[in-house]
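Chain residues, written in single-letter form:
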Amino acid sequence: MLEFIRQNSELVQIGANLTTTVVWLVYLHVLLKGFRDQRRSSLLINRGGGEDLDARCLISNMGAQPAYLLDVLAGIDTKDGPSVASVVDRQELRREELEQPTEMTGQGPLPSGGYVDIGSFRDILDRAGYDLSGSQSSQATLKLVSVAATNQASHIVAAVREFDVREDGDAIMVRPRTLEARQVRSRSARRKVCSVLEKLQCRGSGLYDIAADFQRI
């Protein structure tokens, strides 16, 4: 073995250098992946406290960095067609009933691991203009999009989750379609989210098909 190494010292040296290079490349890949995952945002949209309309809707920030919740958008079919609305503000509350004016909205900073309760699903459907007493109230699909800004990126981050609203016996149940929220990461999808937010602010103009853009998120 020693004689072989002496006779092929150059090849052995090249092999050792290649092995060292591969090890460092793997190590660099692990470091970059960990750094990227640490900076990557992760918003959750959860149902808590039951399965019916009185269950709470919780928006959580599971990213490593704090985030600021900008808005929560809800899309649902109504008798007049698809409807999209901002549901982050607690419109059902009266100012005189609150200790602080900031309780009127779910907007605000979310620390890493923090969450905000934006209300019950009954409240959300009401804010979205869905008639719970109507004939279509026993069957609908609710699509929620949470939108936030982070301090490590110049663009927004968002997450999407859909819920089935179905009559089950004497109660109307709310059940998620997927195990967790889908993260909106692509540049084109983020542009669609920004477009919907901008168009909602111009709703009075009647010039934009907000529902069509919302469905493409």
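Computed from a predicted model, the values in this text were never measured in an experiment.

Draft legend 1. Summary view of the packing of aromatic side chains. Tallied over the full model, the rule gives 1 aromatic pair. Positioned over the ring face of Phe-214 is Lys-143, at 5.0 Å from the centre of the ring.

Draft legend 2. Inspection of the side chain of Arg-190 at higher detail. Along the chain, Arg-190 falls in helix α4 (residues 187-201). Setting aside its immediate chain neighbours within four residues, Arg-190 contacts His-155, Ile-156, Val-184 and Arg-185.

Draft legend 3. Seen up close, α4. In a regular helix each residue adds 1.5 Å, so 15 residues correspond to 21 Å; α4 covers 22 Å between its end C-alpha atoms and thus fits that length. Taken together, the buried positions of α4 are occupied by Ala-189, Arg-190, Val-193, Val-196, Leu-197, Lys-199 and Leu-200.

Draft legend 4. Just the pattern of salt bridges, in detail. A complete count under the given rule lists 9 salt bridges for this structure. A salt bridge links Arg-56 to Asp-117; the nearest nitrogen and oxygen atoms lie 2.9 Å apart. Of this pair, Arg-56 sits in strand β2 (residues 56-61) while Asp-117 sits in strand β6 (residues 115-120); the two residues are 61 residues apart in sequence, bridging distant segments of the chain. Exposure remark for Arg-56: the relative accessible area of 33% places this residue in the partly exposed category.

Definitions and limits used
- Residues numbered from 1 in each chain as written.
- Predicted model: local features only at pLDDT ≥ 70, side-chain atom pairs only at ≥ 80, totals over all residues.
- Heavy atoms only, no water.
- Phe/Tyr/Trp six-rings, centres within 6.5 Å; stacked < 30°, edge-to-face > 60°.
- Lys NZ or Arg CZ within 6 Å of the ring centre and 35° of its normal.
- Helix = DSSP H or I, 4+ residues; strand = E, 2+ residues; numbered from the N terminus.
- Contact = heavy atoms within 4.5 Å.
- Expected span 1.5 Å × (residues − 1).
- Buried < 20%, exposed > 50% of the residue type's maximum accessible area, 1.4 Å probe, protein only.
- Salt bridge = Lys/Arg side-chain N within 4 Å of Asp/Glu carboxyl O.

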